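Survey of secondary and tertiary structure
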Amino acid sequence: MAVVSWKEILLLTGLVVGCYWNSVSCGFVFDDVSAILDNKDLRPTTPLRNLFLNDFWGTPMAEERSHKSYRPLTVLTFRLNYLFSELTAASYHLLNVALHAVVCVLFLRVCRLFLDKTSSLVAALLFAVHPIHTEAVTGVVGRAELLSSIFLLAAFLSYTKSTGADRSIVWAPIALTVVLVAAATLCKEQGITVIGICCVHEVFVAQGFTLPTLLDTLRRFLQGKGGFPYAVLQTLLKLIVLVISTLLLVIVRVQVIQSQLPVFTRFDNPAAVSHTPTRQLTFNYLLPVNAWLLLNPSELCCDWTMGTIPLVESLLDLRNLATLVFYASLGLLAYHSLRYRHSSARTVIMALSLIVLPFIPASNLFFPVGFVVAERVLYVPSMGFCVLVAHGFRIVSEKGRLKKISWVVIGVLLATHAVKTFKRNWDWESEYTLFTSALKVNKNNAKLWNNVGHALENQNNYAKALQYFLQATRVQPDDIGAHMNVGRTYKNLNKSKEAEDAYLVAKSLMPQVIPGKKYATRVAPNHLNVYINLANLIRANESRLEEADQLYRQAISMRPDFKQAYISRGELLLKMNKLADARDAYLRALELDRANADLWYNLAIVNIEMKDPPEALRNFNRALELNPRHKLALFNSALLMQESGDPKFWPEANRRFLIYVEEEPDDANGYFNLGMLAMDASENAAAERWMRRAIALQAGFRSALFNLALLYSQSKRETEALPALDELLRHHPEHVKGLILKGDILMNHKKDTRGAKACFERIVRMDPTNVQGKHNLCVVYFEERDLPRAATCLEETLAMAPNEEYVRRHLSIVRSKMAAMSAAGQPLASEAGGAVAEEEAAGAGDARTSSAESLGGVDQSQPVDSGRADQPTLGKTPEEVSGIEKKRAAALRRLEEIERILSGD
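Residues numbered from 1 in each chain as written. Predicted model: local features only at pLDDT ≥ 70, side-chain atom pairs only at ≥ 80, totals over all residues. Heavy atoms only, no water.

Once that is clear, we can look at the pattern of salt bridges. Per the counting criterion, the structure on display carries 38 salt bridges. A salt bridge links Glu189 to Arg71, with the nearest nitrogen and oxygen atoms 3.2 Å apart. Of the two residues, Glu189 is situated in the loop between α8 (171–187) and α9 (194–206) and Arg71 in the loop between α2 (31–37) and α3 (72–85); the sequence distance between them amounts to 118 residues. What makes Arg71 buried here is its relative accessible area of 12%. Notably, a salt bridge pairs Lys563 with Asp593, separated by 2.7 Å at the nearest N-O pair. In this pair, Lys563 is assigned in helix α24 (residues 563–575) and Asp593 in the loop between α25 (579–592) and α26 (597–609), connecting sequence segments 30 residues apart. In this pair, the class of Lys563 matches that of Asp593, namely buried. Look at the salt bridges and you will find they share partners, linking Glu688, Arg692, Arg717 and Glu720 into a network. (Salt bridge = Lys/Arg side-chain N within 4 Å of Asp/Glu carboxyl O. Helix = DSSP H or I, 4+ residues; strand = E, 2+ residues; numbered from the N terminus. Buried < 20%, exposed > 50% of the residue type's maximum accessible area, 1.4 Å probe, protein only.)

In this section: the side chain of Thr138. Mapped onto the elements of the fold, Thr138 is located in helix α6 (residues 134–138). Residue classification places Thr138 among the buried positions, given a relative accessible area of 1%. Residues in contact with Thr138, not counting those within four places in the same chain, are Tyr20, Ser23, Cys26, His93, Asn425 and Trp428. (Contact = heavy atoms within 4.5 Å.)

α26 packs onto α25 with a crossing angle of 160° between their chain directions and a minimal axis gap of 10 Å. When the axes of α25 and α26 are compared, the pair comes out roughly antiparallel. Every pair of crossing elements has a handedness; the one defined by α25 and α26 is left-handed. Mapping the contact onto sequence places Leu579, Ala582, Arg583, Tyr586, Leu587, Ala589 and Leu590 in α25 and Leu599, Trp600, Asn602, Leu603, Val606 and Glu609 in α26. (Axes fitted to C-alpha atoms, helices over the stretch in contact; angles between N-to-C directions. Parallel < 35°, antiparallel > 145°, perpendicular 65-115°, else oblique. Left-handed = near helix turned anticlockwise from the far one by under 90°.)

A separate point is a nonpolar patch on the surface. Taken together, the side chains of Leu233, Leu236, Ile240, Ile244, Leu248 and Ile251 define a hydrophobic patch exposed on the protein surface, amounting to about 540 Å² of accessible area. Accessibility expressed as a relative area gives 43% for Leu233, which makes it partly exposed. (Patch = residues over 30% accessible without salt bridge, like charges linked within 9 Å, V, L, I, M, F, W, Y side chains within 5 Å. Areas by Shrake-Rupley, 256 points an atom, 1.4 Å probe, with all protein chains shown as cover.)

All right, on to the confidence of the model for the chain then. Taken residue by residue, the chain gives an average pLDDT of 86. The fraction at 70 or more is 88%. For residues 831–905, every residue scores under 50 in pLDDT, and the model assigns this stretch 122 contacts once sequence neighbours within four places are set aside. (pLDDT = per-residue confidence, 0-100.)

This brings us to the state of the cysteines. Going through the model one piece at a time under the given rule, you end up with one disulfide. Free cysteine: Cys199, not disulfide-bonded; nearest cysteine sulfur from Cys198 at 7.0 Å. Taking the relative accessible area as the measure of exposure, Cys199 reaches 18% and is therefore buried. Unpaired in terms of disulfides, Cys386 finds its nearest cysteine sulfur in Cys111, a separation of 8.1 Å. (Disulfide = S-S within 2.5 Å.)

For the rest of this paragraph, the subject is the environment of His67. Structurally, the position occupied by His67 is in the loop between α2 and α3. With 13 residues separating them along the chain, His67 and Asn54 place their C-alpha atoms 9.8 Å apart.

Time to look at the packing of aromatic side chains. If you walk through the whole model with that rule in mind, you get 16 aromatic pairs. Relative to Trp57, the ring of Phe56 lies with its centre 4.9 Å away and its plane at 75°, an arrangement referred to as edge-to-face. Just as Phe56 is buried, Trp57 falls in that class too. Pairwise contacts between aromatic rings join Trp21, Phe422 and Trp426 into one cluster. Between the NZ or CZ atom of Arg71 and the centre of the ring of Phe56, over which it lies, the distance is 5.0 Å. (Phe/Tyr/Trp six-rings, centres within 6.5 Å; stacked < 30°, edge-to-face > 60°. Lys NZ or Arg CZ within 6 Å of the ring centre and 35° of its normal.)

Below, the structure is given as structure tokens:
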């Protein structure tokens, strides 16, 4: 058995790299989106055991919407990619290229078993450059083919060592073969077919039997003319072990899918739902179609579903001739290989086994699959094809006059295939390039028109996307998904009426309920989204909320495990203030998917609305256990902790806000809340830093500007507060608290009575019923020594707030003051508008500013105006109540001081 040299390994590797280096610049396209970008099983936060409970796309195998593709080892390699480079597409493509090179080297090693050195190298070179492999190599999800092929070839090579030099059975390689077959099957289902290849090799290559010999042996045994030869018994023993192993793997596989086949629709595979003989004629015609793709890979397409290949509905259809030619050619090759014992026959039988057996699971002949033709499933069958080509090349090249021609032909074939492969890789650069290249090959596939539309939609080019979606409805008028796409695009274009009409058309195309027949088995799960989309559209109208709820309930009745329907209904019920029903909807969704962090988050929001903060915090924590970097859960749980008023929660709240700003570094709200926490903890330097960071990210950030000014005021840095207040009032001229704080600083610290008066007058102009602003203006009038006006102002204030005792006392004091001045013959109003003794003015000014501040004004003992109107708040804790009482007592003490000053003049 010839080994593979390092030169050959380098040659194959170099050729693979030369053909596929440009694939590294491609992104995630087509099925990559579901398998990589949307698959939570790749995330380190997902338990590893989930890989063995979910399908290839991350959907639990127990769910009816599962594709039932069980490939945990392939997903594990995706997870390793994610561990090293997260969602950087280049690393995923690079690993695929490396795996393809490994497959090429192993394939060369296998070819050496039944081809000479030169022709086996030709087969491996052809396999390395064949354009049919671009989908398996350049498409990231094609890794399932690559990994399965590696284990398949390794299992076959191991099995070839199961016969000793003395023709005895060597069990260690057989045991290793079984392990490798299991690994191949865990990468992709077709890996189990290597058992059949091993059986063919054992019977027709290792033991050298031919079909006539086997039939003759069987005939003699049945006639009682002799028993089985020892070699036959050994072969039977090995085959029994292989068959039992296969049956065990099949049983395990059936248990994994819980004896359920995946749900496919007539759009995925039209022939699968057709009647006899259309179904049989079409499926058999697909065999020569696949063979032609191997022979002439000039027109490749990423999607062959729907109307790509019209159904063969009659025996008179000329395409049946292609089926007959295919079967005739296959029969001749099989007859040649099974009848004779020479090396050529052995080569052909192994080539046929590599072509036929791995293709059986995807052939639709024994059970339906979710596609019509898929180029990636030809990855292993193409090995047998390459063996046949190389074997033919050897036969032709042995004829002297054709030797040079055969070398020229094989050289041209390798060169053209390499160029085609390199060019084909560029088609996989993006979804737009991939699907537009497919439309050049096939314009009768509505799915391709839809996918180009999706690519344009992702670029926010909705108008152009709509054209492709509408064309999809013309190509396939009964395509539910196409009409849904039209509706969604109209919605994005703010054309609600057209969107609703499109959704209603899609809804009318849904299969009708048949009594006694399970609805879920007849409709694709994603088509039920028409109910969700239509309900989401109409619930924007407050008068149609009940109608939207009916649509959600209809979707749930059709598929009780439809998780998204529960989620959307929960959101609607929350909007309708049916909190208990919303909670029940989310709890039902959690029964279907307890590992969904978003569901725990939504349930926490319902708990907040139901005034149950402790339960809300517990559910936020559950969401973060599943996804420690769940941004909304981080932000809202930290906010809940902060608003609890309990200092023991502040360190954890601070930690969560810090993680949030790592995830969302451009969100000013994260920095603002960090600043608020720092203010609560009296960490003024940190609070100032965070507030300034928030303001830098969001110019005119109202709450941040006000609390920064308040921070300066509390820190005895009133002069620095004024620029922040000026910026606040420039962006928000009607900010009452900002005007009150500015008036306080101007009057109490800048001695600018006129500026303070302008602030309070602006408040009264905006809101004549604002007691706080009105009272502060009254204090300004007193400061200006205009007692009649101050008295009138206080009378008006008292009329607005008759229960405010401090206003009544102030009015009494001012009236007493006026009476005393009248008795003394002093003028009640200063002509100079505030020309009073400097000492008296300063004292009264200080006292009255404090009055404005304490009697319902700005409470400078803690930050206010947090800007969280949209966020849930908690009830007052005992600590907060105690703090409020202390502030109230301090305010009363300041009030008494003011009254003493006023009455003592």
